[in-house]
Amino acid sequence: MFERILLASHGTKGAIAAENMAVQVCARGAVIDHLIVVPEFWQSMTGDDWLNNGATRDQFCEYLQSELGLEIDQQCDRLHQKITAHELTYSSIILFGKPDDALLQREKAYAYDLLVLGSSRPKGTPGLQGLHSSMLTKKMMQAIQTALLIAPYPSDE
Amino acid sequence: MIYTQRNPALLIIGLLMLAIWFSTDTGLLAPLLEYLASGKEYKYLNELTSLPLYFGLVAVFTGLWHWLGTHKEGHLDYYFSTIAGGMLILFITMLVRWFIAPQIEVIGVDFGEIGDTGKYIHELLGLNYVVLGIVAGIIIANVFKIPEWAKNGVRLSRLGLKTGVILLGALYSAAELKNLGGLSIFMIGFFVLGSVGIVLWIGARRNISNSMGGVLSAGMGVCGVSATVAVAPVVQAKPVEIAYTIGTILLWGVGCMFLFPIIGHLLNMSYVQFGAWAGTGILNSAQVAGAAMAFQPDGIETLMVAEIFNITRVLILPVIVLWLAVWYVKREGTTTTQVNVGRIVITKFPVFVLGFMLMFALSTTGIFAPASHYQGKYFGNTAEQGFKQEHLLKPEQIQILQLEARVIERTDHIAALERLIENGKIMSVEDDNTVRGMINAQILSDQANRILTAAHKAVRHTAQKIEAFRQWITWLFAFGLVGLGMQITVSSMKQAGGEPAIIGGIVGFIKAALSLIVVMLLVSEAV
């Protein structure tokens with residue numbers, strides 16, 4: 001059983017499977033660090049808007065930031081409740097950047113016993129490309145130093 | 001925060017610009033330029049002997065200060081920090097315009113004309129300095145990443161486009177603005193309202209959320225990413241909906257920017273027709289300017305038409321934002337959200353359009369060119385007025401015109417042609433207009449038409465101030481578009497998907513196809 005786990009989840013179907021698996025493999029009273037990565041593509045989302053004035057662009061950026069913050073808060077609250085219900089300790093880590101880089105950065109900074117991730121979304125499954133499939137990269141697989149558990153993608157049945 | 005970065009990059013860019021100027025000035029580049037000109041006169045020689053010198057000096061001095069100077073926090077620091085990115089964009093534009101695009105042209109010409117189109121592959125594909133510049137920008141942003149020292153400048157490149165639009169205002173005649181304005185209000189009104197309506201209608205049938213429908217309809221209907229940015233907070237769109245919409249629009253916009261000029265050339269569309277089509281059919285307003293310049297890289301007539309359509313779109317934007325705000329509040333049945341009409345109209349009003357109007361108003365006073373000039377051009381068939389003796393018709397050209405004159409039926413055409421043959425040049429503005437009419441009507445053979453076109457060009461001269469405006473406008477748009485290219489990321493486009501991709505595909509295709517049909521049927525070749 002593991003004492004300190006880094007769990008990456010943004011509340012998608014695959015990530016929820018990873019959450020369930022993480023709570024199963026934890027030792028009693030273990031700590032689960034919940035990693036949420038805000039993908040960097042958001043930074044370039046207004047890239048080629050040239051007609052609006054600065055005020056409109058600022059309003060959009062503030063709005064987008066608050067909406068993303070709201071979504072993250074909802075995910076954290078949901079998982080917090082789920083984890084504490086299993087008498088485990090929850091903490092959240094929010095990073096901005098490339099998902100695989102962010103995971104590696106966190107993994108290097110703390111001594112985790114296990115990393116838990118959901119599997120890549122099967123092709124044709126709806127959802128934002130930037131949110132789902134960019135954590136399980138070759139680069140991450142080659143650089144990782146901690147044991148890794150990948151939860152199978154849940155079947156529809 | 002101090003924005004200016006201690007980095008030698010700007011200094012290096014400046015030195016490279018000066019090296020280009022020096023190599024041209026001393027003739028070191030002459031063999032290369034001769035090769036790129038493919039037997040003709042290298043058309044950018046004037047630019048090569050001036051622009052890299054002026055901008056190179058600015059970059060060297062500013063670069064030294066960036067690298068070795070002491071920087072303090074403040075507005076001035078931010079604005080100075082943008083020079084590095086601005087110079088990077090300018091340098092890329094220079095390389096593409098002066099060397100890369102001519103090289104592609106050489107390859108295209110070597111390849112030979114494509115079928116019976118009478119065009120080379122680079123002309124058909126629109127591979128000119130504008131498109132190549134945007135592609136270069138996209139490649140740099142996505143493969144090499146924008147360096148930190150250049151980011152602020154790249155972000156400010158949109159000012160190039162806005163300034164270009166403002167300067168464009170000086171080039172329209174009142175009649176052109178009236179005719180183009182009327183046409184654009186009709187086309188944009190019909191297609192914008194139509195697209196917004198269709199998206200909302202399809203959205204309701206496919207059970208997408210009101211916020212998704214609202215943001216998507218604005219993006220698809222009005223001006224793409226700009227409309228999405230303006231509407232998203234008003235209809236309370238979710239981040240995932242925003243990402244889907246912007247991804248879809250960018251993908252469509254970039255695709256259309258490459259596809260529209262190819263179709264335009266294949267259909268032999270006039271500048272007015274293509275400008276009207278691009279201005280209506282391309283979803284994203286940034287790519288409208290790109291497509292217009294890709295269609296006509298060595299002139300701004302298409303851009304002038306397309307930008308009127310862009311301006312009409314952006315003027316409609318506050319109305320659409322208002323409409324969607326009211327629509328959203330009604331659909332959601334929310335009483336907590338108030339629609340502040342005045343605030344929406346004021347904050348969404350594009351201030352740069354006032355600059356465009358001001359320039360137009362100034363041009364009507366004759367400050368830039370006398371009232372007798374049309375589009376900054378004037379008639380002159382004497383040496384004092386700028387006519388060159390070598391442009392007089394040659395005996396073999398006169399012979400061709402004499403032979404073909406027999407097929408002409410209209411008496412005014414016959415009279416104008418007789419005077420041209422007799423004098424070797426066009427003798428009056430009226431004759432010039434008649435000759436232009438004959439060229440457009442394609443009464444004579446291609447060979448004779450080429451002779452008439454040359455005779456027409458020989459007596460049409462551009463006022464110096466207007467020529468300078470045209471040059472500046474071309475550079476400002478090229479600069480702005482390369483900068484915008486550097487802000488288009490593949491990761492943003494990859495987000496295209498879900499319902500917006502389906503609805504966007506349907507509406508985008510209908511809009512492009514229908515507007516093409518309307519333009520071909522209703523828009524004449526000239527305004």
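Throughout, residues of each chain are indexed from 1 in the direction in which the sequence is written. As a convention, the first chain written is A and the first ligand written is 1, with the rest following in written order. Whole-chain, interface and lining totals are the exception, using all residues; otherwise, since this is a predicted model, local features are given only for residues with pLDDT of at least 70 and side-chain atom pairs are given and counted only at 80 or more.

Another point: the overall build of chain A. By the criteria applied, helices consist of DSSP H or I runs no shorter than four residues and strands consist of E runs no shorter than two, each listed in order from the N terminus. The number of helices and strands found in chain A is five helices and five strands. Going from the N terminus to the C terminus, chain A shows its helices and strands as β-α-β-α-β-α-β-α-α-β. As a rule, residues whose C-beta atom has 12 or fewer other C-beta atoms within 10 Å are exposed, those with 20 or more are buried, and those in between are partly exposed; C-beta atoms are placed from the backbone. In chain A, which comprises 157 residues, the proportion classed as buried is 34%. Residue pairs at least 24 apart in sequence account for 82% of intrachain contacts in chain A once pairs closer than 6 positions are excluded. By the convention adopted here, residues are in contact when the distance between their C-beta atoms, placed from the backbone, does not exceed 7 Å.

In this section: helix α1 (residues 9-25) of chain B. Residue and element names in this part refer to chain B. The end-to-end C-alpha separation of α1 is 24 Å, in line with the 24 Å expected for 17 residues at 1.5 Å each. Turning to α1, its buried residues are A9, L10, L11, I13, G14, M17, I20, W21 and T24. Each element contacted by the buried residues of α1 is listed here: α3 (45-48), α4 (51-68) and α5 (75-111). Taken from the residues just after α1, G27 is the one with a positive phi, measuring 85°. What a helix should span is 1.5 Å times the count of its residues minus one.

Turning our eyes to something else, we now look at helix α22 (residues 446-459) of chain B. Residues and elements named next belong to chain B. With 14 residues, α22 ought to run about 20 Å at 1.5 Å a step, and its terminal C-alpha atoms sit 20 Å apart, in line with that. Of the residues making up α22, those classed as buried are A448, I451, L452, A455, A458 and V459. Burial along α22 is one-sided: seen end-on, the buried residues are contained in an arc of 120°. For α22, the exposed residues set more than 90 degrees away from the buried face come down to D446, A454 and K457. The arc in question is the one spanned by the directions pointing from the helix axis to the C-beta atoms.

A positive phi angle, near 60°, is found at E87 of chain A, a position not held by glycine. By secondary structure assignment, the location of E87 of chain A is in the loop between α2 (54-85) and β3 (89-97). Given 11 C-beta atoms within 10 Å, E87 of chain A falls into the exposed group. Here the phi dihedral of N207 of chain B falls at roughly 55°; this positive angle occurs in a residue that is not glycine.

Interfaces are often sized by the amount of accessible area the parts lose when they come together. With 25 residues of chain A at the contact, the number on the chain B side is 34 residues. Looking at the side of chain A that touches chain B, the elements that each hand over two or more residues are α2 and α4 (129-132) of chain A. Residues were grouped as follows: Ala, Val, Leu, Ile, Met, Phe, Trp, Tyr, Cys and Pro as nonpolar; Asp, Glu, Lys and Arg as charged; and all remaining residues, including Gly, as polar. Tallied by class, the residues present in the side of chain A that touches chain B amount to eleven nonpolar, nine polar and five charged.

Residue and element names in this part refer to chain B. At a minimum axis distance of 8 Å, the contact between helix α10 (residues 174-205) and helix α11 (residues 210-223) shows a crossing angle of 150°. Between α10 and α11, the angle falls in the class roughly antiparallel. Here α10 and α11 pass one another in a crossing that is right-handed. Note on element contacts: α11 touches α10 through M212, G213, L216, S217, A218, M220, G221 and V222, opposite V192, S195, V196, V199, L200 and G203. Split by residue class, the contact of α10 with α11 holds nine nonpolar, five polar and no charged. Lines are fitted to the C-alpha atoms to define the axes, a helix being fitted only along its stretch in contact, and any angle between axes, read from their N-to-C directions, falls within 0 to 180 degrees. Our angle categories are set so that under 35 degrees counts as roughly parallel, over 145 as roughly antiparallel, 65 to 115 as roughly perpendicular, and the remainder as oblique. Less than a right angle of anticlockwise turn of the near helix away from the far helix marks a crossing as left-handed, whereas a clockwise turn marks it as right-handed.

Next up on the list: the environment of Q287 of chain B. Residue and element names in this part refer to chain B. With respect to the helices, strands and loops of the structure, Q287 is situated in helix α15 (residues 285-295). For Q287, a count of 29 C-beta atoms within 10 Å puts it in the buried group. Along the backbone, Q287 and V314 are 27 residues apart, and their C-alpha atoms lie at a distance of 14 Å. Those residues in contact with Q287, other than ones at most four positions away along the chain, are G253, V254, C256, M257 and I282.

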